[in-house]
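Listed below, chain by chain, are the residues.
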Number of protein chains: 2
Amino acid sequence: MPTRPRRSSDDRRRELVEAALRVMARDGVGAATTRAITTEAGMTQSRFHYCFRSKAELLHEVVQAMVGNQVTSVLAAVRSGGDVGSALRAYCQHLVENPEQHQLSYELTQYALRTPGLAELAAQQYESYLNGAAEVMAVVGARVPARLVVAVIEGVTLQWLVDHDDAAALATLYSFAEQFGQRAA
Amino acid sequence: MPTRPRRSSDDRRRELVEAALRVMARDGVGAATTRAITTEAGMTQSRFHYCFRSKAELLHEVVQAMVGNQVTSVLAAVRSGGDVGSALRAYCQHLVENPEQHQLSYELTQYALRTPGLAELAAQQYESYLNGAAEVMAVVGARVPARLVVAVIEGVTLQWLVDHDDAAALATLYSFAEQFGQRAA
DNA sequence: GGATGACTTGGACGACTGCCCAAGTCAAGT
DNA sequence: ACTTGACTTGGGCAGTCGTCCAAGTCATCC
């Protein structure tokens, strides 16, 4: 029974999760060792295993936190504009300004797919994206399958992460919007 | 100056590259240690650094081999059918039957993006995809930007790798084909 | 103010990593 | 036959990884 800790253990955990996200975004998932994470958080390494039973336990929470962050921040950016064009521009802006976040998202998905207990979390991540896309489609008033929208956005994002061609990415999104514009209500 | 080796050094290198691809597809890029690769190839570990100066040198060739394999095999599958629908079905079949290959492709792209000297190889990989898509579009006779086609395919692939929903993947591709079918010649 | 227990500390552990080396093997050239 | 040099071998190196532990600190409760 904890009496009254000087600082909530949950706070420590959250600090570590955020530090892990920072390290992963900067240097990749592979570089996120327990030492790198605790150093980033300004703690001694030993504290890590006081907050988390294992590194796997931290990664579980990291993936969950990632899903929440990504979806809400992208949605907030996209929701600001009313029509399709401004929504697409908003997404591209978010991508160009936070490339590490998007790249980290892909890396974590790959990691989750390889890790037995985390595969379902990856599915959960994509369900969030699908719901978000469906919501945006509803706001914008277009009738296109959410899966297709998410697929296009992810595919374009992947391309941009490789070639950093802002104009091409936006143009590709536009040409997609143009086509489903013919089917919109 | 090599006089006449009992076995070509290039053969050894190729064996290692293929062994590396097998290990990576099965257990992930992270699991592809020099020991795991040489064991897979049936050699002693010491031979590794006789064939390659470093692990990075091997990975460079692995990425190149990956690009070649992937593009040619997908193209061969897709080229067999004449119309859009059968091309899409061919791709889905290739995906469902060789999931590890596609997943490995994403992992290697991520790895390349994080590795200074390999970033340009990732760009080269995507250029191959774009050319392949453009070729298929020409064969099929559709007028859609190659970038958009690649984006959709990659996005749908990513989704399938997460949820393994064959029907949804195919349906998403169909709904995309349906839309650009209105613009085809 | 002493006991309790939550929390911290620095150092260690065994396992694994990429890489290297001295000694060996053996086909080809002389 | 003997030298040469390409190739192999098993073991070892230093570094990093996740995890653990005994000893310490210090706010809280009796």
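This structure is a prediction, so every number in the text was calculated from the model and none was measured.

**Focus: the overall build of chain A**
Reasoning step 1: A count of helices and strands for chain A gives nine helices and zero strands.
Reasoning step 2: Along chain A, helices and strands appear, N-terminal first, in the series α-α-α-α-α-α-α-α-α.
Reasoning step 3: Buried residues in chain A amount to 42% of all 185 residues.
Reasoning step 4: A sequence separation of at least 24 residues applies to 58% of the contacts in chain A between residues at least 6 apart.

**As for the relation of the copies chain B and chain A**
Reasoning step 1: In the superposition of chain B on chain A (RMSD 0.0 Å, axial shift 0.0 Å), the rotation amounts to 180°. Both copies are brought into coincidence by an operation consistent with a two-fold rotation axis.
Reasoning step 2: Interface residue correspondence from chain B to chain A reaches 100%, placing this contact among same-surface, isologous pairings.

**A closer look at the confidence of the model for chain A**
Reasoning step 1: For chain A, mean pLDDT is 86; residues scoring 70 or higher make up 90% of the total.
Reasoning step 2: In this model, residues 1–5 of chain A is a region of pLDDT below 50 whose contacts with residues beyond four sequence positions or in other chains number zero contacts.

**Some remarks on the nonpolar core**
Reasoning step 1: Ranked by size, the top nonpolar core spans 118 residues in total, and within it Ala20 of chain A together with Ala20 of chain B carry the most contacts.
Reasoning step 2: Each residue touching alanine 20 of chain A, except ones within four places of it in the same chain, is listed here: Ala32, Ile37, Leu58 and Val62 of chain A.

**Some thoughts on helix H2 (residues 34–41) of chain B**
Residue and element names in this part refer to chain B.
Reasoning step 1: If you check which residues of H2 are buried, you get Ile37, Thr38, Glu40 and Ala41. An end-on view of H2 places all buried positions within 155° of arc, on one side of the element.
Reasoning step 2: On its buried side, H2 packs onto helix H1 (9–27) and helix H3 (48–51).
Reasoning step 3: Glycine 42 sits one or two residues past H2 and shows a positive phi near 75°.

**Details of the interface of chain B and chain A**
Reasoning step 1: With 34 residues of chain B in contact, the opposing surface of chain A contributes 34 residues.
Reasoning step 2: Listing elements by their share of the side of chain B that touches chain A, those giving two or more residues are helix H6 (99–114), helix H7 (119–140), helix H8 (146–163) and helix H9 (166–181) of chain B.
Reasoning step 3: Of the residues forming the side of chain B that touches chain A, the biggest block, 13 residues, is contributed by H8 of chain B.
Reasoning step 4: Of the residues that constitute the side of chain B that touches chain A, the class distribution is 17 nonpolar, eleven polar and six charged.

**Quick look at unusual backbone geometry**
Residues and elements named next belong to chain A.
Reasoning step 1: A positive phi is found at histidine 164, a non-glycine position, where the angle reads about 55°.
Reasoning step 2: If you trace the backbone, histidine 164 turns up in the loop between helix H8 (146–163) and helix H9 (166–181).
Reasoning step 3: For histidine 164, a count of 13 C-beta atoms within 10 Å puts it in the partly exposed group.

**So, the environment of glutamine 159 of chain B**
Reasoning step 1: Note that glutamine 159 of chain B resides in helix H8.
Reasoning step 2: Judged by the 23 C-beta atoms lying within 10 Å of it, glutamine 159 of chain B is buried.
Reasoning step 3: Sequence separation between glutamine 159 of chain B and alanine 169 of chain B is ten residues; the distance between their C-alpha atoms is 7.6 Å.
Reasoning step 4: Leave out the neighbours within four places in its chain, and glutamine 159 of chain B touches Tyr126, Arg147, Val150 and Ala151 of chain A together with Ala169 of chain B.

**Looking at the packing of H1 of chain B against H6 of chain B**
All names here are of chain B.
Reasoning step 1: Contact geometry for H1 and H6: axes closest at 8 Å, N-to-C directions at 95°. One way to sum up the angle between H1 and H6 is to call them roughly perpendicular. Contacts from Met24, Ala25 and Arg26 in H1 reach Glu100, Gln101 and Leu104 in H6.
Reasoning step 2: Of the residues in the contact of H1 with H6, the class split is three nonpolar, one polar and two charged.

**Things to note about the environment of phenylalanine 176 of chain B**
Reasoning step 1: Secondary-structure assignment places phenylalanine 176 of chain B in helix H9.
Reasoning step 2: The sequence separation of phenylalanine 176 of chain B and valine 67 of chain B amounts to 109 residues, and the corresponding C-alpha distance is 25 Å.

About the cut-offs
- Residues numbered from 1 in each chain as written.
- Chains lettered and ligands numbered in written order.
- Predicted model: local features only at pLDDT ≥ 70, side-chain atom pairs only at ≥ 80, totals over all residues.
- Helix = DSSP H or I, 4+ residues; strand = E, 2+ residues; numbered from the N terminus.
- Buried ≥ 20, exposed ≤ 12 C-beta atoms within 10 Å, placed from the backbone.
- Contact = placed C-beta atoms within 7 Å.
- Least-squares fit on C-alpha atoms with pLDDT ≥ 70 in both.
- pLDDT = per-residue confidence, 0-100.
- Core = buried A, V, L, I, M, F, W, Y, C linked by C-beta atoms within 7 Å.
- Arc of directions from axis to C-beta.
- Nonpolar A, V, L, I, M, F, W, Y, C, P; charged D, E, K, R; others polar.
- Axes fitted to C-alpha atoms, helices over the stretch in contact; angles between N-to-C directions.
- Parallel < 35°, antiparallel > 145°, perpendicular 65-115°, else oblique.

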